[in-house]
Amino acid sequence: MFLQPSFFEAGKEAILQTTERKYDVHLPYGWTEQDEVVFELPEGFKLEQLEPPVNLDFGNAGRYTTLLLAKDGKLTYRRELVFGDNGLMLFPPKSYAKVKRAFDAVHGKDSRVIALRSDSGQAVGLQNQP
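Calculation criteria
Residues numbered from 1 in each chain as written. Predicted model: local features only at pLDDT ≥ 70, side-chain atom pairs only at ≥ 80, totals over all residues. Heavy atoms only, no water. Pairing = 2+ DSSP bridges. Helix = DSSP H or I, 4+ residues; strand = E, 2+ residues; numbered from the N terminus.

(A) Summary view of the sheet that holds strand 9 (residues 114–118). Strand order in the open sheet formed by 3 strands is 1-9-4, with antiparallel pairing between adjacent strands. Each having just a single partner strand, strand 1 (2–3) and strand 4 (45–47) make up the two edges of the open sheet. Taken together, the 3 bridges between strand 4 and strand 9 define a ladder with antiparallel strand orientation. Looking at the pairing, Phe45 lines up with Ser118 of strand 9.

Structure, rendered in structure tokens:
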């Protein structure tokens, strides 16, 4: 079974999609996103592999962190994105590649999928057919 823990970001497109920029990128305001989602695992399932926490530092522009905890049949996923907290909101074309890499890294981490494994090897949600 597969699960995308960044539930609120599932299916969203990357924020910056072009590879080059002629003009400044101006983000109108800074923001913070904080998510915590708790998943109750189906009986007999467990996380296949616990991933290490993610810590991305964007210098004066912000930061991105995630943490996945597994305990007592539950997965807890915590995510925080802070951008513009130091007032850095205007990026000239020469720094565009760096800003795009930061947002692409966030999008990549938000799009990751984790695997859950059944101890019994039985499929979940399927009934026996006559």
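(B) The arrangement of the pairing of strand 5 (residues 54–57) in detail. By the bridge criterion, 4 bridges tie strand 5 to strand 6 (residues 62–71) in an arrangement that is antiparallel. When the sheet's bridge partners are listed, Asp57 is paired in strand 6 with Arg63. Hairpin connection, strand 5 to strand 6: the antiparallel pair is bridged by 4 residues, and Gly59 has positive phi, about 60°.

(C) Summary view of unusual backbone geometry. Phi angles above zero are rare outside glycine, and Asp72 is one such case at about 50°. Assignment of secondary structure puts Asp72 in the loop between strand 6 and strand 7 (74–83).

On their own, these measurements won't tell you what the molecule is for.
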